[in-house]
Amino acid sequence: MTPEQPIFAWNIKFAGNLNGRPLLWFHGFMGSSDDWLPLVADLFPEYCNILVDLPGHGNSRILQHFPYTQYLDSLKAKLSIEGFETFIAIGYSMGGRFALHFQQRFPANIPALIGLSTAPGLKSDVERQHKRHSDTVLMDSLEQQGFPDFLIKWYAQSIFGTIQRKEDLLTRLLESRSRNEPSQLRSSLKLLGNGALPSLWSSLQSISVPVLLLNGADDSKYYGINQEMTDLLPMGRQQTIAGGHAFHLEKPLETALAIRHFLSELIEGV
C-alpha cells in the first residue's frame, strides 16, 4: 500500500493563521484535537496549528487494523495533500510518543520536536508484554465501570497532581473524555500504546534536531525519564512546569510561554 492511498480517515482541524508556520499537535490518551483549541486560539494565533485526532480518538476511527507504520505513512500523505511538507511536531504523552515515531519515519519533514510528558517507549519486551496486559485490564475496567467512575479514579492518580481538586477543569475533562468509545480506545492502545510500539531509546542519539521536553513538577516519573532522554538527545533540553502529568491543562499560559520561547530560538535564532 502506497502513501498516496490513505488507509485511514484522519480527522484534522486547523486553527490560527493558515499561512503561518505549521505546528502539528498530537493529544494524549482519551483526548482529542479539541484539547489544544483553548491553548492555540489565544496563544499561538500567528501559527498554522494543525490539530490531529489520533486513531481511535475523536473522529479518527479505527475500522481496520494495520501496522502503525502505515498510519504514519497515511498521515504524511494526508498532510502532503493539504499542502504541508514540513512542520514542528508537538505531542503530549501518547501523542508525544507518536510524534517521536513520526519524526523517525520522516526526519527531513520534522525539523524540531516538543514533547509534553513524553517517553520513547518501554525498554524491554517483558515490560511491553506486562503493559499490554495492564492495558487490557484497564479497558475492561472502563467498560465495566463506565466513564464517570473510571475517569474520577483515573485523575485521582498521583501522577496527575492536583487535577482532581480543580473542579472546573475536572468537570470539563470528564465531559470531553466521555465522548470517546471504549472499543475505539482499546483499539488505539493495541496500536499506539506503550506496550504496542517499539522502543525508541536506542534511536535518541540519532535524532539530530532540536527537542524540547516539558514535564510537570509533580510528575517525578516523567521528570526522570526526560532527564535520561535529554542526556541522550544531541540537541535536547528539559524544562519543568508546575503541575502533574497533564500540566498543560493546569498551566496553559506557562506551557505556551515555554513552547513559544523554544520556537522563537529556532525561528529567530535568539
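Throughout what follows, the structure given in this document is the object of discussion. Here the structure is a predicted model, which is why all the values come from computation and not from measurement.

Calculation criteria
Residues numbered from 1 in each chain as written. Predicted model: local features only at pLDDT ≥ 70, side-chain atom pairs only at ≥ 80, totals over all residues. Heavy atoms only, no water. Pairing = 2+ DSSP bridges. Helix = DSSP H or I, 4+ residues; strand = E, 2+ residues; numbered from the N terminus. Axes fitted to C-alpha atoms, helices over the stretch in contact; angles between N-to-C directions. Contact = heavy atoms within 4.5 Å. Expected span 1.5 Å × (residues − 1). Buried < 20%, exposed > 50% of the residue type's maximum accessible area, 1.4 Å probe, protein only. 1 Å grid on protein atoms, 1.4 Å probe; cavity = no way out; pocket = protein on both sides within 12 Å on 5 of 7 lines; lining within 4 Å. Points joined across faces, edges and corners; volume = space filled by probe spheres on them. Nonpolar A, V, L, I, M, F, W, Y, C, P; charged D, E, K, R; others polar.

1. Some words on the sheet that holds strand 4 (residues 88-92)
Here comes step 1: If you walk across this open sheet you meet the 7 strands as 1-3-2-4-5-6-7, and the pairing is mixed. Because the sheet does not close on itself, it has two edges, and the strands there are strand 1 (12-16) and strand 7 (236-241). Sheet twist, expressed as the mean angle between neighbouring strand axes with direction ignored, is 20°.
Here comes step 2: The pairing of strand 6 (residues 211-216) with strand 7 spans 6 bridges and is parallel. Each residue of the ladder has a partner; that of Gly216, found in strand 7, is Ile241.
Here comes step 3: Helix 2 (residues 68-81) rests against strand 1, strand 2 (22-26) and strand 3 (48-52) of the sheet, and its axis sits at about 50° to strand 1.

2. Re helix 2
Here comes step 1: The terminal C-alpha atoms of helix 2 lie 20 Å apart, and with 14 residues this matches the ideal 20 Å at 1.5 Å per residue to within 8%.
Here comes step 2: Inspection of helix 2 places Tyr71, Leu72, Asp73, Ser74, Leu75, Lys76, Ala77 and Leu79 among the buried residues, and these make up the whole buried set.
Here comes step 3: Against strand 1, strand 2, strand 3, helix 3 (94-105) and helix 7 (182-192) lie the buried residues of helix 2.
Here comes step 4: The first or second residue beyond helix 2 is Gly83, which carries a positive phi of 95°.

3. Structural notes on empty space enclosed by the protein
Here comes step 1: For the structure shown, the criterion picks out 1 cavity of 30 Å³ or more.
Here comes step 2: As a volume, the largest cavity reaches approximately 50 Å³.
Here comes step 3: In terms of lining, the largest cavity is formed by Gly91, Gly96, Ala99, Leu100, Leu113, Ile114, Gly115, Thr118, Val211 and Leu213.
Here comes step 4: Elements supplying a minimum of two residues to the lining of the largest cavity: helix 3, strand 5 (113-116) and strand 6.
Here comes step 5: Split by residue class, the lining of the largest cavity holds 6 nonpolar, 4 polar and no charged.

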